[in-house]
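Here's the letter readout for the chains.
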Amino acid sequence: MNGLAFLAALALVFSGFSTLSQTLDRHYADRNGRGSVPGTAERVRLHGLGWAALALALAACVLEQGWPMGTVAWVGMLTLGALPVVVLLSCAPALALRAAGWSGALGGCGLLALRALP
Amino acid sequence: MRAGLRQSMAWLHGWSGLLVCWVLLLVFCGGTASYFKDEITLWMKPELHRAAAAPVPPAEAATLAVAFLQRNAPRSPRWFISLPDERSPVTQVLWIRAPGEPGSGIGGSRGRFESRTLDPATGAFLGTVRDTRGGEFLYRLHFDLYYMQPLWARWIIGACAMCMLVAILSGVITHRRIFQDIFTFRPRKGQRSWLDAHNATAVLALPFHLMITYTGLVTLMFMYMPWGVQTAYRGDLQAFNNEAFGRAPLGLPSGQAAPLVPVAPLVAQAMRHWNGAGPSRVAITLAGDANATVTISRGSAGALSVDEPSMRFDGATGKLVATSGDAPAPASQTRGVMVGLHEAHFAGPLLRALFFVSGLSGCVMVATGALLWGVKTRQRQAKALAAGARPSFGLRLVDALNIGAIAGLPIAFAAYFWANRLLPVAMAHRPDAEIRAFFAAWAVAAVLAQLHPARAMWRAQLWTGALMLAGIPVLNALTTDTHLGATLLRGQGPAAVAGFDLTVLALGIALGAAAWVLGRRTAARKAVPAARQPHGARDAKGAT
Amino acid sequence: MRLSRNGRYRLGVASRVVAAIGGGYVLAALATGLLAVVLPMPPAEAVMTATLLSFSLYACAVLWVFAVGSAWRAWTGLAVAAAVLGTILAAALAAVRSGA
């Protein structure tokens, strides 16, 4: 697994999980005030973006290593990428979506670079 | 048992976990370290660092090895050469002593062999490389234990692994809000924080934990569950092995002499069959006899499965007798992949690091589970404890075992590495001495923990572990010249050695942080007047 | 001999532990032996499949023993399952022996 694929996948997993965490009442409330819950439209949007980021992370892994090895690598990345999300949500939950946005963008660029490189 | 599925599963989870958690912690620590066992072995043999730092093309290493063998074993009937690879940077040569030479070797059938480790760049014998079991000890520790017959150890570990499997499944069933709680961590909330830590490390690496436990059982499944072979093959294990793995039984010598065919065309034929993939091993039986066989195996390095395709040739005629492993049947392949996933032989450095992180999360999961039990039990006994009673036998025992295992194991691992650097290089029975250091340090920590299972002991042992682990790179700098200054800052040394130094440093810092936080908590608790603490809910570790 | 409630509880727990560890293993062993002869695939494959599945069967049996209402029910269930599997296994082995 080369460094670029690793970092791109990590960024995308972090982004996906940060976004998905906002579909959970507890973490949404941490960011938007106690008792608030995301509306249906917002929930759908967050789910869509979050799962898309995780799928792109799978793409980054599989692109470089093939399906068997890539899937194993992706499962490992899910663990590694979720740990910083836990830290973020307990230290600075307000930053969750912004961090998700930035890391998603970086990860996306990394994925494009992977496709572009020979 | 309480009524209800969740409650009964919670009970089962707690007990199946607690009874084996200390053994499991050893297994997880040893197993996690095993992912880098070759790197650990390299770190423990500083004499090989220079060779490892500058990889040599295999053709060159082979030529130099042959030259060495021509000089030193000219009349030997058989030479074996293991060429250097990414994880083992030296050339190993092995030869059978020519008939008539005095055999003063290890005795028995092993006395016929002699082996040397060569520097791949010069072909020279590497002289006194310090004798050590290296990372292999840690690898074997996690399923063969030590100081007992491997068979007993494997049954014990198998039973513990079944308990772990039951604990994982019952844990998932009992965790009602497993998806809502998946990212939850609430620090500084006593029992709840320990529960959050246990849940986080367990759930975030749940695929790994489930996989590693089940595949661990699968690696020894014919020992634990031989009943399929018993019924379907009437107990004929050899017949099963032959059909399932293509392993032919060792033939008998025919008595007729027949020269062994040249091996090179057979290797070429195998490589053509495997579309250019290189062979990893050649095994020859009964060379010079009419019943000789030559079996060429392809390495399993690129594939998930551990099973290696192989081709068996008649040694006298060169005819292909059998191929196996090219199109493995589904169940066989499943088994091969499962064992492969457990060993992670296929993993490059980054993927291996992911496995390592998952293994560490397993260690933290087991440790936080055990600590959580202690905290919960202490809370149940809080009233009695506050009134001056002593902790129950079970609580005191669990506290002591927790300290001995969670704080004691890092001390043991560190002692093993310290012994490697400090023991004299040319000492007799050196590997045993290093291993004794491991167990002696652990025994001291465990006994002290039993004598005084208190917070002070936690802090003392955590600090000891932290200083010993973080001190390893310093020790390395004082005893060798492939320390971090050379390997990392000047970028010249083997990367594996730098990685090892950095990893133990990070682990030492983490332990130190834990000890420091515990120290602050203790000071804060002492500052609160005793009358204001009837619930003891913030008491996280150990007795006072 | 009359046991206190606490004593009955502990006996129940001990009984379930024995049932789970011993009875569960017996059940898994019988199932493995049976599947190895009964599965419609080459013998080596059948043995491999049956053995690979055995640990999940064992784990499920253990979970069931502790989830079910009482220790008696656990033992009864295990005994019935073992009897059924054992009978089918005996029949299958006899059929194989007479057929082969």
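Residues numbered from 1 in each chain as written. Chains lettered and ligands numbered in written order. Predicted model: local features only at pLDDT ≥ 70, side-chain atom pairs only at ≥ 80, totals over all residues.

1. Some details on the overall build of chain A
Link 1 in the chain: Helix and strand counts for chain A come out as five helices and zero strands.
Link 2 in the chain: Listing every helix and strand of chain A by position from the N terminus yields α-α-α-α-α.
Link 3 in the chain: Taking 118 residues into account, the globule formula puts the C-alpha radius of gyration at 13 Å, and chain A, at 15 Å, falls close to it.
Link 4 in the chain: Referenced to the eigenvectors of the C-alpha coordinate spread, the extents of chain A come out at roughly 50 × 25 × 25 Å.
Link 5 in the chain: Pairs at least 24 residues apart make up 78% of the contacts formed inside chain A by residues separated by at least 6 positions. (Helix = DSSP H or I, 4+ residues; strand = E, 2+ residues; numbered from the N terminus. Rg over C-alpha atoms; globule rule 2.2 N^0.38 Å. Contact = placed C-beta atoms within 7 Å.)

2. Notes on the overall build of chain B
Link 1 in the chain: Assigned secondary structure in chain B consists of 20 helices and seven strands.
Link 2 in the chain: Dimensions along the principal axes, computed over C-alpha positions, put chain B at roughly 90 × 60 × 40 Å.
Link 3 in the chain: Residues counted as buried form 43% of the 544 residues belonging to chain B.
Link 4 in the chain: Considering only contacts within chain B whose residues lie at least 6 apart along the sequence, 68% involve residues at least 24 apart. (Buried ≥ 20, exposed ≤ 12 C-beta atoms within 10 Å, placed from the backbone.)

3. Remarks on the confidence of the model for chain A
Link 1 in the chain: Counting all residues, the mean pLDDT for chain A is 90, and 99% of those residues have values of 70 or more.
Link 2 in the chain: At the low end of the mean pLDDT range in chain A sits helix 2 (residues 25-32) of chain A, at 85; at the high end sits helix 1 (residues 3-21) of chain A, at 93. (pLDDT = per-residue confidence, 0-100.)

4. A short note on the interface of chain A and chain B
Interfaces are often sized by the accessible area lost when the parts come together.
Link 1 in the chain: Taken together, the contacts link 20 residues of chain A with 21 residues of chain B.
Link 2 in the chain: Those elements that provide at least two residues to the side of chain A that touches chain B are helix 1, helix 2 and helix 4 (67-91) of chain A.
Link 3 in the chain: Ranked by residues supplied to the side of chain A that touches chain B, first place goes to helix 4 of chain A with 14 residues.

5. Observations regarding unusual backbone geometry
Residues and elements named next belong to chain B.
Link 1 in the chain: In the Ramachandran plot, L145 falls in the positive-phi region, its phi being about 45° despite a non-glycine side chain.
Link 2 in the chain: Residues other than glycine seldom take positive phi values, yet R188 does so here, at roughly 60°.
Link 3 in the chain: You can see R188 is positioned in the loop between helix 6 (150-174) and helix 7 (191-204).
Link 4 in the chain: In this structure R188 comes out as exposed when scored by C-beta crowding, with 11 C-beta atoms within 10 Å.

6. A look at the sheet that holds strand 7 (residues 320-324) of chain B
Residue and element names in this part refer to chain B.
Link 1 in the chain: Overall, antiparallel pairing links the four strands, which are arranged 4-5-6-7 in an open sheet. Pairing within the sheet leaves two strands with one partner each, and these edge strands are strand 4 (279-285) and strand 7. Each strand axis lies, on average, 15° off the axis of its neighbour in the sheet, ignoring direction.
Link 2 in the chain: In this sheet, strand 6 (residues 310-314) lies alongside strand 5 (residues 293-298) in antiparallel orientation, the contact comprising five bridges. Bridge assignment links T295 to a residue of strand 6, and that residue is R312.
Link 3 in the chain: Across the sheet, helix 12 (residues 263-273) touches strand 4, strand 5 and strand 6, and the angle it forms with strand 5 is around 40°. (Pairing = 2+ DSSP bridges. Axes fitted to C-alpha atoms, helices over the stretch in contact; angles between N-to-C directions.)

7. A closer look at the arrangement of the chains
Link 1 in the chain: Looking at the two pairs of chains with contacts, the pair that accumulates the most is chains B and C.
Link 2 in the chain: Spatially, chain A is disjoint from chain C: no contact exists, and the shortest C-alpha separation is 20 Å.

8. Let's talk about the pairing of strand 6 of chain B
Residues and elements named next belong to chain B.
Link 1 in the chain: Most of strand 6 sits inside the fold, with four of its five residues counted as buried.
Link 2 in the chain: Here strand 6 pairs with strand 7 via four bridges, running antiparallel. Paired with S310 across the strands is S324, a residue of strand 7.
Link 3 in the chain: Linkage of strand 6 to strand 7, two consecutive antiparallel strands, is achieved through a turn of five residues, within which G318 is found at a positive phi near 80°.

9. Observations regarding the nonpolar core
Link 1 in the chain: In terms of nonpolar packing, the biggest core is built from 199 residues, with A9(A), A57(A), M77(A) and L25(B) touching the most fellow members.
Link 2 in the chain: Here the element with the most residues in this core is helix 16 (residues 393-422) of chain B; it accounts for 16 residues.
Link 3 in the chain: When neighbours within four sequence positions are excluded, A9(A) is seen to be in contact with A57(A), A60(A), C61(A), W74(A) and M77(A).
Link 4 in the chain: Counting residues in hydrophobic clusters, the runner-up holds six residues, among them A270(B), V294(B), I296(B) and F313(B). (Core = buried A, V, L, I, M, F, W, Y, C linked by C-beta atoms within 7 Å.)

10. Describing the confidence of the model for chain B
When pLDDT drops low, the exact placement of atoms in the prediction is not to be read closely.
Residues and elements named next belong to chain B.
Link 1 in the chain: Across chain B, the average pLDDT comes to 86, with 93% of residues at or above 70.
Link 2 in the chain: The secondary structure element of chain B with the lowest average pLDDT is strand 4, at 77, and the one with the highest is helix 8 (residues 206-219), at 97.
Link 3 in the chain: Scored below 50 in pLDDT, residues 533-544 shows 34 contacts in the model against residues more than four places distant or in partner chains.
Link 4 in the chain: As scored by the predictor, the complex reaches a pTM of 0.87 and an ipTM of 0.94.

11. Quick word on helix 2 (residues 43-67) of chain C
Link 1 in the chain: When the terminal C-alpha atoms of helix 2 of chain C are compared, their 35 Å separation across 25 residues agrees well with the 36 Å that a helix rising 1.5 Å per residue should span.
Link 2 in the chain: Along its length, helix 2 of chain C shows its largest kink, about 35°, at S54(C). (Expected span 1.5 Å × (residues − 1). Bend = angle between axes of the 7 residues up to and from the residue.)

12. Details of the environment of G485(B)
All names here are of chain B.
Link 1 in the chain: Note that G485 resides in helix 19 (residues 484-489).
Link 2 in the chain: Residue G485 is classed as partly exposed on the basis of its 13 C-beta neighbours within 10 Å.
Link 3 in the chain: Sequence spacing of G485 and I173 is 312 residues, and the spatial spacing of their C-alpha atoms is 50 Å.
Link 4 in the chain: Apart from residues no more than four positions distant in its own chain, G485 is found in contact with A477 and R490.

13. Things to note about the interface of chain B and chain C
Link 1 in the chain: With 31 residues of chain B at the contact, the number on the chain C side is 25 residues.
Link 2 in the chain: For the side of chain B that touches chain C, the secondary-structure elements that each account for two or more residues are helix 1 (5-34), helix 6, helix 8, helix 9 (221-224), helix 10 (227-232), helix 11 (237-245) and helix 13 (330-343) of chain B.
Link 3 in the chain: No other element matches helix 10 of chain B, which puts six residues into the side of chain B that touches chain C.
Link 4 in the chain: Residues of the side of chain B that touches chain C, tallied by class, amount to 22 nonpolar, seven polar and two charged. (Nonpolar A, V, L, I, M, F, W, Y, C, P; charged D, E, K, R; others polar.)

14. A few points about the sheet that holds strand 1 (residues 79-82) of chain B
Residues and elements named next belong to chain B.
Link 1 in the chain: The three strands lie next to each other as 1-2-3, forming an open sheet whose pairing is antiparallel. The open sheet has two edge strands with one neighbour each: strand 1 and strand 3 (113-118). Strand-to-strand twist across the sheet, computed as the mean angle between neighbouring axes with direction ignored, equals 15°.
Link 2 in the chain: In this structure, strand 2 (residues 91-96) lies alongside strand 3, joined through six bridges in antiparallel fashion. When the sheet's bridge partners are listed, T91 is paired in strand 3 with L118.

15. Overview of the packing of helix 1 of chain B against helix 16 of chain B
Residues and elements named next belong to chain B.
Link 1 in the chain: Relative orientation of the contacting elements helix 1 and helix 16 amounts to 20°, with a least axis distance of 10 Å. Relative to helix 16, the element helix 1 lies roughly parallel. The crossing of helix 1 and helix 16 is right-handed. Residues W22, L25, L26 and C29 of helix 1 touch helix 16, and the partners they reach there are L401, A405, I406, L409 and F413.
Link 2 in the chain: Split by residue class, the contact of helix 1 with helix 16 holds nine nonpolar, no polar and no charged. (Parallel < 35°, antiparallel > 145°, perpendicular 65-115°, else oblique. Left-handed = near helix turned anticlockwise from the far one by under 90°.)

16. Considerations on the environment of S82(B)
Residues and elements named next belong to chain B.
Link 1 in the chain: Counting through the fold element by element, S82 comes out in strand 1.
Link 2 in the chain: Residue S82 is classed as partly exposed on the basis of its 18 C-beta neighbours within 10 Å.
Link 3 in the chain: Expressed as a C-alpha distance, the spacing of S82 and F28, which sit 54 residues apart in the sequence, is 31 Å.
Link 4 in the chain: Beyond its immediate chain neighbours, meaning those up to four positions away, S82 contacts T91 and Q92.

17. Focus: the packing of helix 3 (residues 40-65) of chain A against helix 4 of chain A
All names here are of chain A.
Link 1 in the chain: As a packed pair, helix 3 and helix 4 sit with axes 7 Å apart at the nearest point and diverge in direction by 140°. As summarised for this structure, helix 3 and helix 4 are arranged oblique, according to the angle between their axes. Handedness of the crossing formed by helix 3 with helix 4: right-handed. Note on element contacts: helix 4 touches helix 3 through W67, M69, G70, A73, W74 and M77, opposite A57, L58, C61, V62 and Q65.
Link 2 in the chain: For the contact of helix 3 with helix 4, the class distribution of residues is nine nonpolar, two polar and no charged.

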